[in-house]
Amino acid sequence: ASLAGRVVTGAERRHRITFKAAVEIEWTVGRDTPDGSFEPAVAGPAYGAVRQVELSDCTADLLAALAAQGVDVDQIHPEYAPGQFEISVGALDPVAAADRSVLVRQTVRAVARRHGLRVSFAPAVVADSVGNGGHLHLSAWRDGTNLHSGGTGRYGMTPEAESFAAGVLAHLPALTAVTAPSPASRLRMRPSRWAGVFTAWGRETREAALRVVTGTLGERDRAANLEVKPVDLAANPYLALGCVIAAGLDGVESAARLPEETTGDPAHLDPAVADARGVRRLPASLAEAVSAFRADGVLRDALGPVLADAVTAVREGEIAAVGGLDDAQVAAAYRWRY
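As a starting point, this report considers the structure included with it.

Cut-offs used in this document
- Residues numbered from 1 in each chain as written.
- Predicted model: local features only at pLDDT ≥ 70, side-chain atom pairs only at ≥ 80, totals over all residues.
- Heavy atoms only, no water.
- 1 Å grid on protein atoms, 1.4 Å probe; cavity = no way out; pocket = protein on both sides within 12 Å on 5 of 7 lines; lining within 4 Å.
- Points joined across faces, edges and corners; volume = space filled by probe spheres on them.
- Nonpolar A, V, L, I, M, F, W, Y, C, P; charged D, E, K, R; others polar.
- Helix = DSSP H or I, 4+ residues; strand = E, 2+ residues; numbered from the N terminus.
- Expected span 1.5 Å × (residues − 1).
- Buried < 20%, exposed > 50% of the residue type's maximum accessible area, 1.4 Å probe, protein only.
- Phe/Tyr/Trp six-rings, centres within 6.5 Å; stacked < 30°, edge-to-face > 60°.
- Salt bridge = Lys/Arg side-chain N within 4 Å of Asp/Glu carboxyl O.
- Patch = residues over 30% accessible without salt bridge, like charges linked within 9 Å, V, L, I, M, F, W, Y side chains within 5 Å.
- Areas by Shrake-Rupley, 256 points an atom, 1.4 Å probe, with all protein chains shown as cover.
- Lys, Arg positive; Asp, Glu negative; His and termini not counted.
- Contact = heavy atoms within 4.5 Å.
- Core = buried A, V, L, I, M, F, W, Y, C linked by side-chain atoms within 4.5 Å.
- Pairing = 2+ DSSP bridges.
- Axes fitted to C-alpha atoms, helices over the stretch in contact; angles between N-to-C directions.

Description of the layout of surface pockets
A volume near 780 Å³ is recorded for the largest pocket. For the largest pocket, the lining is made up of 40 residues, of which Glu 24, Glu 86, Ser 88, His 137 and Glu 227 are closest to its centre. A per-class count over the lining of the largest pocket returns 14 nonpolar, 12 polar and 14 charged. Here the second largest pocket is characterised by a volume of approximately 270 Å³.

Here you go:
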């Protein structure tokens, strides 16, 4: 929390910029099994009503509990993977958004247990399936004005909002050591699975690592924001938000420019086009992400030497712990840890 607070305070002092943030929370609902395997507790397709109906009593209790805690819920719906759901909550300042992320997860878990269900927020509940994400939504503000709307840049962004996005994009390889920090994170971060595993941006582009969200007509001045997709719920939300904001502020301070937008799936780009746009694959292993993090002075300075070294030490410890395990064994090892 101190890192996120320090970064936010510095942004306001140096640039008169404040932030609003929210964390999307995805989880899978399973039944208790003797061997710890995953058995979905609900059937039915993604984005349909069948799962909602089957889990309606639990969902009603969850919404009531969140309302009693003052958490405003924008939506809750079945997601792509078997037994998977997602909840979106209202934006707050970054530290409060991280607090809310922790609170919502604990509430989901507690309510599910009361209904005899088991939930997992792990990046990969089973190998070779879509995993659980924890996408970050961020918007930068000055004097009550959203910098992601009403500007002269692409999709209404102001120059500072574009530079902020460019900064996040430039630091993404190193950021994934913080935002996707588990060996199981790499099972989720695979091309063409909506995980955003290429250094690409676009408006409403589901496969891009950075998604520019303009909001609907009539509310763009309030709703426009930047979604950071290569994030999962193994991440410490305070570190993740603090580091993403530090990366974006580096772009603001250097007046960084966004490359050409990518539409569609970056995995299908012609190699020459991808190279011209700076579109490259994010680290495919946690070891690669740690190497990129070690070389990123901006993120290490934001964290400070003690915390930065702790990040690398913990990651290296987890890499060693899963040495020799195959994908299915890695997924099983982390399935019920988050």
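Focus: helix α5 (residues 159-179)
Between its first and last C-alpha atoms α5 spans 26 Å; for 21 residues at 1.5 Å apiece the expected length is 30 Å, and the helix comes up short by more than 12%. A large share of α5 lies buried, amounting to 18 of its 21 residues.

Quick look at the packing of aromatic side chains
For the structure shown, the criterion picks out seven aromatic pairs. Consider the rings of Trp 27 and Phe 85, whose centres lie 6.2 Å apart with planes at 25 degrees: the pair is stacked. Here Trp 27 is found in strand β2 (residues 25-30), whereas its partner Phe 85 is found in strand β4 (residues 84-89), with 58 residues between them in sequence. The exposure classification of Trp 27 matches that of Phe 85, with both residues buried. Considering the side-chain rings of Tyr 334 and Tyr 338, the 6.4 Å spacing of their centres and the 5 degrees angle between planes classify their relative orientation as stacked. Take Tyr 334: its relative accessible area is 3%, and that puts it in the buried class.

Remarks on the pattern of salt bridges
Per the stated rule, a full pass over the model turns up 15 salt bridges. Here Glu 39 and Arg 31 are joined by a salt bridge, their closest N and O atoms 3.8 Å apart. A residue is classified by how much of its surface remains accessible, and Arg 31, at 38% relative accessible area, is partly exposed. For the salt bridge of Glu 162 with Arg 154, the shortest nitrogen-to-oxygen distance reads 3.0 Å. Glu 162 sits in the buried class, given a relative accessible area of 12%. In this structure Arg 154 comes out as partly exposed when scored by relative accessible area, which is 29%. Overlapping salt bridges bring together Asp 128, Arg 190 and Asp 327 as one network.

Re a nonpolar patch on the surface
On the surface, a cluster of nonpolar side chains totalling about 360 Å² of accessible area is made up of Tyr 47, Tyr 80 and Trp 194. As for its position among the elements, Trp 194 is in the loop between α6 (185-188) and β8 (201-203). On the basis of relative accessibility, which here comes to 41%, the residue Trp 194 falls in the partly exposed class.

Considering empty space enclosed by the protein
Scanning all chains against the criterion turns up two cavities of 30 Å³ or more. Approximately 90 Å³ is the volume attributed to the largest cavity. Forming the boundary of the largest cavity are 13 residues, of which Trp 27, Leu 55, Cys 58, Leu 62 and Val 108 lie nearest the centre. Counted by class, the lining of the largest cavity contains 12 nonpolar, one polar and no charged residues. Approximately 50 Å³ is the volume attributed to the second largest cavity. Around the second largest cavity, the lining residues are Val 23, Ser 101, Arg 105, Gly 134, Leu 136, Val 231, Asp 232, Leu 233, Ala 235, Asn 236, Pro 237 and Ala 240. Those elements that place two or more of their residues in the lining of the second largest cavity are α4 (94-114) and α8 (237-253). Here the residues of the lining of the second largest cavity are counted per class, giving seven nonpolar, three polar and two charged.

Description of the side chain of Glu 86
Within the secondary structure, Glu 86 is located in strand β4. Comment: no salt bridge for buried Glu 86; closest opposite-charge side chain is Arg 206, at 7.3 Å. Leave out the neighbours within four places in its chain, and Glu 86 touches Glu 24, Ile 25, Glu 26, Trp 27, Gln 75, Ile 76, His 77 and Glu 79.

Some remarks on the nonpolar core
If you look at the biggest cluster of nonpolar residues, it comprises 88 residues, and the most contacted ones within it are Phe 19, Trp 27, Leu 172, Leu 210 and Phe 293. Contact partners of Trp 27, with chain neighbours within four places excluded, come to Leu 62, Ile 76, Gly 83, Gln 84, Phe 85, Glu 86, Ile 87, Val 108, Val 119, Ser 120, Phe 121 and Asn 132. If you look at the next biggest cluster of nonpolar residues, it comprises seven residues, including Leu 187, Val 330, Ala 331 and Tyr 334.

A look at the sheet that holds β2
Pairing within the open sheet is antiparallel, and its four strands lie in the order β3-β4-β2-β5. Edge strands, defined here as strands with exactly one partner in the open sheet, are β3 (73-78) and β5 (118-120). With strand direction ignored, the average angle separating the axes of adjacent strands in the sheet is 25 degrees. Pairing of β2 with β5, which is carried by three bridges, proceeds in the antiparallel orientation. Pairing of Val 29 across the sheet is with Val 119, part of β5. Strand contacts of helix α3 (residues 56-68): β2, β3 and β4, with the helix running at about 160 degrees to β3, the strand carrying the most contacts.

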